[in-house]
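# Fold and geometry: a report
Below are the chains, spelled out letter by letter.
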Amino acid sequence: MTLQAWFALLAALALAAWAVGALRRRTARHEAGRRFFRHPTAAWGIGILAFFAIVAVAAPLVTSFDPRQQLDIVRLKNQPPSWSYILGTDLYSRDLWTRVAYGARISLMVGALGMLVAVTLGTLVGAVAGYYRRWVDAVLMRGVDVGLALPRIFVLLIAIALFGRLPLALLVLVIGFTSWFGTSRLVRAEVLSVRERDFVAAARAVGAGAARVIFRHVLPNAAAPIIVSAALGIGNVLLLEAALSFLGIGVPPPAPSWGNMIADGAPYLATAPWTTLFPGLAIALVVMALNAVGDALRDALDPRQEAM
Amino acid sequence: MLSAMLRLRRLVLVVAALGLASCQRSPGCTGEYCGTLVFAAVGEPDILLPPSTQEAVSRDIEEQLFLKLADIGLSTNTVGDEDFQPILAERWEWDGPLTLVFHLDSRARWQDGQPVTASDVAFTFDAYTDSAVASPYRAALRRIASVKARDPETAVFRFRERYPEMFYDAVYHMRVLPGHLLRGVPRDQWKTAPFGRQPVGNGPYRFVAWKAGQTIELVADSTFFLGRPGIRHLIWRFTPDIVVAATQLVADQADGREQLVTPDNIARARAAPQLTIYPYRGATYGYLGFNLAANGDTMQPHPIFGDREVRRALTMAVDRARLLKSVFGDFAQVPPGPMSQLWWIWDPELRQLPYDTVQAGRLLSARGWRDSDHDGIRDRGGQPLSFRVLVTSTSAIRRQYARLLQEQFRLVGVQMDIDEVEASVVSERAAAGKFDAVMLAWNTDPTPSSGVPQVWTRGGFGRSNYLRYDNPAFDRLVDRATAAATRDQARAAWRAAVETISADAPGIFLFATDNVAAFHNRVADVRIRPDSWAALLRTWRIPPDRLIDRDRVER
Amino acid sequence: MTAWLVRRVAASVAIVFVVVTLTFILMDLAPGKPMLGPTERLADPEAEAELRRQFGLDGPLGVRYVSYLRQLARGNLGASFGLRRPVADALAEAIPNTLLLAGAALLIDFLIGLGLGVYQALRVHRLPDVALGNVTLFLYSVPTFWLGLILLLVFGAWLRWFPVGGMSDPVLCPTVSSFYCTMDRLWHLALPALTLGIVGAAGTARFQRAAMLEVAGQDYVRTARAKGASERRVVLRHQLRNALLSFITLFGLAFPFLLTGAVLIETIFAWPGMGRLATDAILRRDFPVVNAAVLLASTLVVTGSLLADVLLAVADPRLRVRDLA
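What comes next is a walk through the structure. Along every chain, residues carry numbers that run from 1 in the direction the sequence is written. For naming, the first written chain is A and the first written ligand is 1, with later ones following in the order written. Only residues with pLDDT of at least 70 get local features here, since the model is predicted, and only at 80 or more are side-chain atom pairs given and counted; chain-wide, interface and lining totals rely on the full set of residues. Calculation of side-chain values draws on the structure's entire complement of heavy atoms; hydrogens and water are dropped beforehand.

## Observations regarding the packing of helix H2 (residues 31-38) of chain A against helix H14 (residues 274-301) of chain A
Residues and elements named next belong to chain A. Where we set the bar: Lines fitted to C-alpha atoms define the axes here, with helix axes fitted over just the stretch in contact, and angles between the N-to-C directions of these axes take values from 0 to 180 degrees. Helix numbers and strand numbers start at the N terminus; a helix is a DSSP run of H or I with at least 4 residues, a strand a run of E with at least 2. Helix crossings fall into two classes, left-handed where the near helix is turned counterclockwise from the far one by less than a right angle and right-handed where it is turned clockwise. Contacts: residue pairs with any heavy atoms within 4.5 Å of one another. Side-chain classes are defined by residue name, with Ala, Val, Leu, Ile, Met, Phe, Trp, Tyr, Cys and Pro counting as nonpolar, Asp, Glu, Lys and Arg as charged, and the others, Gly among them, as polar.
Here H2 crosses H14 at 145 degrees, and the two axes come no closer than 8 Å. By crossing handedness, the relation of H2 to H14 is classed as right-handed. For the pair H2 and H14, contact is made by Ala 32, Arg 35 and Phe 36 and by Val 293, Ala 296, Leu 297, Asp 299, Ala 300 and Leu 301, respectively. Taken together, the residues of the contact of H2 with H14 sort by class into 7 nonpolar, no polar and 2 charged.

Shown next as structure tokens:
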């Protein structure tokens, strides 16, 4: 790897550490912020996420090769880590660290967008079901049950079978469409409990429309579980993308995603384990960070903890 | 606390002792005819009824259970009848130019004791060619008019026309079936017949058990009329993919595998102390096929691939030897045309297009494909030189090739996008002509006469000629080759045909595999016939001094 | 209570019906010819057309759907053209294998997860809790199949402590003795069940720890402690029992997930279970098997969730039926 890339990498690490410190200082004034950083893993989580986000954005700076470049398909394929190729090379003699860095872009983007779709849908459905109750609630929740009744892997396999090869956008949408059921239940429960409170009754007495009541009064108070489920949701989408790629139907080549890198490297695990190890570790680290952050968020935003 | 620990330890010891005691080391089998071989198979048979399946593992197992009238020799020559070995038929003669008479070996028996008779042979032909059975082998038997039983030990084949491979067609495709057991099964139920899960055959091995998803077990028939098999038990163990199979093999949990496929697996097998490597000629060849007709419209030529010079240029842009080395290491060769190493016409020295990127670039520019907007991709009249290739997601080799090709094309300004889809989708789209390019591979029979016409001539339209390659000169050469009276005439015609198609470049012919098998080194007399590795299993043996534990098990 | 139960069962049946219909339609719309043989061998188009006709794969969607329903009503799940046998037979052989794997994984999940969660809650914020917390966090975050691949490589291929896939030793298992065979099967079951179970246990441990801590802060527990009850008593009688209720819900949700989460593990460890059967069938467009597998899986899911709700209502009289709906 070139010297510039090394410097850029160290700079990224430093930037991530600084970001954690800065966040900590900014939120020290709020009770929630202090509660958040009481968890030691939360700081690490933010740091790891920041690092990967920086690497994803600045991928050309922290790497010295092109992710699609096949360096020498006869002599440089499946090479172990060395000074020139710090994480080794893969089956097509492409530098692994470069692909992990560029893969961060796609994996994180799929994760974030997929989660966005899932949380948006789930929140909408859950809010509407919880607010209107009775038959609207019954129909929607039965729909959620249908969605939960079908094993997710099968749904995805069938959905992907339907569309043949999925372009990235469609893949994100499909993943999102199959991941919102849990969120909707969560949101519905929150909405049900919030809707009986005084300020909601007051708003309705004044004549506010349903949408206004939901969005301006009910949802902000139900925000906590939504945010937590969002943080955890990204992790689930990442793991799902990896599983789909392993089955041969994830992000299409040659674009690198951590999932399809694991799938590519799996047949050579015995002789070139680094090709599967590093993308898997990347996923594990990011999902760990997300889970840690999600847990800490849950703790921080939970109003019932106020008394303690 | 201490007493609790002691009690626990005593319990563990008792359990362990019981366990060991139950592992009786029975004296077991000793001598010449012992042995258990476990094969790590990829996939699982669908049904063990010969006319109903072409699945590889099914065919390997059927090889042990059901016999043919005669079988090809180690030279895999398919012309004439001199190189064939008598199996069920102990001798044969020609009774006129279109009539072939087989005399069956009177010692041949079905495993329920009944003798194998000529009426079984006639019944077999009737079943293979019955449209209700829908056998994939039916087309291969179309030039045989009838098979009749003259008497219980004489079967008479009558042909429609005279051609060099008459004997081959008579004996190679059909495995003789027990008429007395299958006559009662309605023909349209053969595809799911219970007989196929509990077959009764006449071969050197007898069916024992099929544990779905796990194993199939066969045991040697000690009274087999052509000689008692050396290995007593054969067990096929099913694994979902080649990697698990190779890992089992290397970890000594299986005794052999007929094909290791990747150089990685071969290196691991080489490094394993208990295995011996056996390379042999492979029956597969693979290529990147160009759709000569438009994507989705077979009446129009393809805007890119309809142009012969463009196809030739694309072929010259690819360093096939280097790609081969990267994917297969030393265990494959670049075929000059659509041929596998198994075919007797195999000749890597035949004229083919060279690797020359400069010439390729010049040709493309000459045909109007220039990079006018400097985006790295050539274009002509506003259309970029860009296409999509269909690749079966389950074939690691073809996927690997697709990605390597993608990069090779990028270097000459051609953009190829990869559609990795399931085999069922590739099948459907290829047959319907809804593709630009497709990565294909064929597992061939020992003779080019069956493979080439169906895939590369006009007669293959609607069959397996997905690319719609149509060259009347090539078709004439193929006809001449398949009808030629002598091998030399045939060889000359095939050479000309292969050079013609190579020059037309309907596809880039990428690899013709060498198969590399690995078997436990205690097995002696390992003979592998390249067209069917398991054909000579009954001649293998394990010398008594090399028996290991699993060989001695009495089952 | 009975009225609620009847309504729930009726709703469950309706859900399963909708799911099966949806699957039928979707699989039909999916591109790809049903695979009737290996694609690298030359095929005979007439033979394939005849086979398709014999297997009932031709004809308009509506007609096929109706005949499928009629077949189902008679208890016939159809014949698989990929496996060349009745679907019911194939399922009957695959399901026990998946149940074995899922059951063993669930057992490991429950035992280790519960134990860890309780232990962590008792030592909250001290070193064992923090260390274990990080370990469970990691295990909860890895892709299960990736963990399986690595465990198989390290413990199967390199150390040879466990076999490389499969359910039993094909040579020695049935013959030597049934005790040996049982041990052998357990030995083959160990690695895949551990892979599935450990990841699940990590999640369960985190959940259980949180549940127990939540209960610990509540008034009645503090009262018990203030009254002088021993720590052990407090834990066992109050925290554990109440946390157990939340565990039952988790169980109801976990079981179907194990069935589907097992798909990738079954592939990696060559375990002939239902997940692998169904996945192969989807990829091969083997409709009869897919429909039957989906029918089975969705039935199990709704039954599992129904059971969990019933158990919860029975175990905790405070939960009124209305809240569960």
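There's more to say after this.
## Focus: the interface of chain C and chain B
What counts is decided by this rule: Buried surface area refers to the total accessible area, computed with a probe of radius 1.4 Å, that the two partners give up upon joining, counted for both partners together. By convention in these notes, a salt bridge is any Lys or Arg side-chain nitrogen within 4 Å of a carboxyl oxygen on Asp or Glu. Each polar contact in these results corresponds to two N or O atoms within 3.5 Å; when the atoms are within protein, one needs to be able to donate a hydrogen and the other to accept it, and residues that are neighboring in sequence are counted only if both atoms are side-chain atoms.
Listed per partner, the contact involves 49 residues of chain C and 65 residues of chain B. When chain C packs against chain B, close to 4800 Å² is buried across both sides, 56% of that on carbon and sulfur atoms. On the chain C side of the interface with chain B, the three residues burying the most area are C:Arg41, C:Leu42 and C:Arg84, jointly 17% of the side's total. In this assembly, chain C and chain B are joined by 5 salt bridges. The salt bridge involving B:Arg463 is made with C:Asp44; its shortest N-O contact spans 3.3 Å. Taken together, the links from chain C to chain B amount to 18 residue pairs in polar contact (both at pLDDT 80 or more). Those elements giving two or more residues to the side of chain C that touches chain B turn out to be helix H2 (45-54), helix H7 (173-176), helix H8 (178-216), helix H10 (231-268) and helix H11 (274-284) of chain C. The element contributing the most residues to the side of chain C that touches chain B is H2(C), with 6 residues. By residue class, the composition of the side of chain C that touches chain B is 26 nonpolar, 11 polar and 12 charged.

## So, the pattern of salt bridges
Defined as follows: Per-residue accessibility, obtained with a 1.4 Å probe over protein chains only, is compared with the maximum for each type, and a residue is labelled buried under 20%, exposed over 50%, and partly exposed between these values.
Evaluated as defined, the whole model comprises 50 salt bridges over all chains. Note that B:Asp252 and B:Arg550 form a salt bridge whose closest N and O atoms lie 3.3 Å from each other. On the criterion of sequence distance, the pair formed by B:Asp252 in the loop between helix H6 (242-250) and strand E11 (256-257) and B:Arg550 in helix H16 (residues 549-552) is long-range, its members being 298 residues apart. Residue classification places B:Asp252 among the partly exposed positions, given a relative accessible area of 28%. For B:Asp445, the salt bridge is made with C:Arg41, and the minimal N-O distance between the two is 3.1 Å. A residue pair is termed interchain when its members come from two chains, as with B:Asp445 in the loop between strand E20 (437-443) and helix H13 (448-456) and C:Arg41 in the loop between helix H1 (2-29) and H2. Note on B:Asp445: relative accessible area 16%, which makes it buried. Since its relative accessible area comes to 7%, C:Arg41 is described here as buried. Members of the salt-bridge network, linked through shared partners, are B:Asp252, B:Asp255, B:Arg522, B:Arg550 and B:Asp551.

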